[in-house]
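# Structural description and commentary
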2 protein chains.
Amino acid sequence: MNIDMIDAAAQRLRGHARRTPMLSSPFLDAIAGRRVYVKAECLQHTGSFKFRGGWSAVSALSPDIRSKGVIAFSSGNHAQGVALAAREHGITAVIIMPSDAPRMKIDNTRALGAEVVLYDRAGEDRDVLGARLSGERGLTLIKPFDEPQVIAGQGTTGLEIAEDAAALGIKNADVIVCCGGGGLTSGIALALEARAPSLRVRPAEPEGFDDVARSLASGRIERNPRTSGSLCDAIITPQPGDLTFPILHRLCGPGLVVSEDEALHAMSLAFARLKVVAEPGGAVALAAALFRKGEIEGEAVIVTISGGNVDGEIFAQALDRFPA
Amino acid sequence: MNIDMIDAAAQRLRGHARRTPMLSSPFLDAIAGRRVYVKAECLQHTGSFKFRGGWSAVSALSPDIRSKGVIAFSSGNHAQGVALAAREHGITAVIIMPSDAPRMKIDNTRALGAEVVLYDRAGEDRDVLGARLSGERGLTLIKPFDEPQVIAGQGTTGLEIAEDAAALGIKNADVIVCCGGGGLTSGIALALEARAPSLRVRPAEPEGFDDVARSLASGRIERNPRTSGSLCDAIITPQPGDLTFPILHRLCGPGLVVSEDEALHAMSLAFARLKVVAEPGGAVALAAALFRKGEIEGEAVIVTISGGNVDGEIFAQALDRFPA
């Protein structure tokens, strides 16, 4: 993994991924006690940064391999990112989803042209199912984060942050990134190492699922005790990746951990002050900027809102419980 | 009013107003039966396009006049746009607001540094109050729409639409604009006349407050029977402006009229598919694109989401009543 792969991914994404805006509000600055800049990846195609990695990986395949199609395991944002990237390349995407995944996510992934294969979490092994489908049809597996071209795609977010920070004159800032398996965080960290080395990348996670923060503290990969039961579903993974963790360990400052309620509160503030929709997992970095200010060193803070794929009911709960 | 004034306003706004993104979703395209592009002015500073006109007007004043401060009448988006523009120029803004305006809007306007003067709708004449304050303190009145530099500022939205349409290869499209007094619509129409003359501007309004549609049909200024009682409060005005109407009449196609429920439905779809927050009045153009497709001629449609300043309760109602 290096900056050249990220630059190459940026070339491939040009005209396909959206260049998302950097938003801000004096009201958020007042809460955080410093300037807050928000990289709104919820405005990316399919509602999350995952389209970048999906496009990067699909477009990096050789044409004859690519033409056979791709396969991914996901019940959420990665599914939609890969589905749209595949459709725009005119190839098949098979997405293996648990049969109890939210109906809307299944419907959306189908509507984006993917062939959805449902499996029974209790009775079937998705890896066996995936391997059979790949073998029979020659599909290429697109992993959600531990895959160099996916990391390179997510890293294009970091190139844009570096450009915007330079234009805004931001030199001393913590860059807080919503972190699951570490694809986005490691990609941004590599991009900023090369293009804005004075900025410090900090992963943000929800309480109870802080495998990355604990892994950074101990210096080795630590697991989460559980991987379900969080509203922040989009960024819950068992542990950091074998490819992503060494990058995180080398380049990132200590992890920041927020409560689920703080993530919901940040969603409500993003609604009221930025006019964007954040999903719970996509709001943990903003929550850290607003509610963990004592743990932040920078004069300014840059945060990702990494996705906005949230059900209306949960969003309405956030607005109701935490009126801005 | 001419394109040179809009270009000059764009120069003054550079580095101050946000260049808002043009968003899209295949799900919206499917509903509309054509490509739908959304100019997301809800992401503008203060949550609506009004910051453009406020900044344009304040920055166009001569320094000695400007230093005495500005005054505006508004209970909503214009208030916040003028307040922030004044604060960033380091001058006083006096905003005259009805004492029964929503507490949050009063608080926000104050928090943006404005001096808020409340008046009693029943017992006081706001024009007399405003004239007294202006006279005593030398404040310059910034009108909400019928003012050349305000129209020029709103017209910068049209310059960006023209640039983005060219980049996207859009040649045959209706450009639907949420329309109150006509400042944004006339500004965009003037910009597109000069820079993208193949695009047709269409005003959009809520049922019962379709003064512009009726005025365009009759060829003379028509009034609304009432000017309150709509969720689309941000775009309810008694009648088109004396400056704006001749521009609208010369340059715009027939008006489009949607119901309040259709506006709420469009808000829910903007939430689910674009991840942005639209207020009811800011969603009427998107509603027209989605639900009045038989009245639209273009191969594609470009719509403004003109603002996102909506209470959480109303937003939650829209999500609940019209799940996407």
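What you are looking at is a predicted structure, and each value in this text was computed from that prediction instead of being measured.

## Here's the deal with helix α10 (residues 211-218) of chain A
The periodicity of an α-helix, 3.6 residues per turn, causes residues three or four places apart in sequence to face the same way. All names here are of chain A. Those residues of α10 not exposed but buried are D211, V212, A213, S215 and L216. On its buried face, α10 sits against β8 (200-206), α11 (244-251) and β9 (256-258). Looking at the residues trailing α10, positive phi occurs at G219, about 85°.

## Looking at the relation of the copies chain B and chain A
Under the fitted operation, chain B is carried onto chain A by 0.0 Å of movement along the axis and a turn of 180°, and the coordinates agree to an RMSD of 0.0 Å. Such values leave the two copies arranged in the relation of a two-fold axis. Relative to the rotation axis, the C-alpha of V276 of chain B is the closest in chain B, positioned 2.2 Å from it. Take the interface residues of chain B: 100% of them recur as interface residues in chain A, which is what a same-surface contact looks like.

## Focus on the interface of chain B and chain A
Taken together, the 29 residues of chain B in the interface contact 29 residues of chain A. When chain B packs against chain A, close to 2,300 Å² is buried across both sides, 68% of that on carbon and sulfur atoms. It is R18, F271 and K275 of chain B that lose the most area in chain B upon contact with chain A, and together they represent 27% of the buried surface on that side. The tally of links between chain B and chain A comes to 0 salt bridges.

## Points about the domain arrangement of chain A
All names here are of chain A. As far as domains go, chain A holds domain 1 (3-49 + 147-321) and domain 2 (51-141). Computed from C-alpha atoms alone, the centre-to-centre distance between domain 1 and domain 2 is 24 Å. Residue-level contacts link 27 residues of domain 1 with 16 residues of domain 2. Ranking the residues of domain 1 by area buried against domain 2 places R12, H16 and T46 at the top, with a combined share of 32%. Two residues, E41 and R52, come together in a salt bridge whose shortest N-O distance is 2.6 Å. When residues of the side of domain 1 that touches domain 2 are traced back to their parent elements, those giving at least two are α1 (3-13) and α8 (148-168). If you tally residues by element for the side of domain 1 that touches domain 2, the top one is α8, at 8 residues. Classifying every residue of the side of domain 1 that touches domain 2 gives 7 nonpolar, 12 polar and 8 charged.

## Notes on the pairing of strand β4 (residues 93-98) of chain A
Residue and element names in this part refer to chain A. In terms of residue burial, β4 counts as a mostly covered element, since 6 of its 6 residues are buried. A two-sided burial pattern is seen for β4, the buried positions comprising A93, I95 and M97 on one face and V94, I96 and P98 on the other. In the sheet, strand β3 (residues 70-73) pairs with β4 via 4 bridges, with the strands oriented parallel. Within β4, the position partnered with F73 by the bridge is I96.

Quick notes on the rules
- Residues numbered from 1 in each chain as written.
- Chains lettered and ligands numbered in written order.
- Predicted model: local features only at pLDDT ≥ 70, side-chain atom pairs only at ≥ 80, totals over all residues.
- Heavy atoms only, no water.
- Buried < 20%, exposed > 50% of the residue type's maximum accessible area, 1.4 Å probe, protein only.
- Helix = DSSP H or I, 4+ residues; strand = E, 2+ residues; numbered from the N terminus.
- Contact = heavy atoms within 4.5 Å.
- Least-squares fit on C-alpha atoms with pLDDT ≥ 70 in both.
- Buried area = accessible area lost by both parts, 1.4 Å probe.
- Salt bridge = Lys/Arg side-chain N within 4 Å of Asp/Glu carboxyl O.
- Domains from an automatic or database assignment.
- Nonpolar A, V, L, I, M, F, W, Y, C, P; charged D, E, K, R; others polar.
- Pairing = 2+ DSSP bridges.

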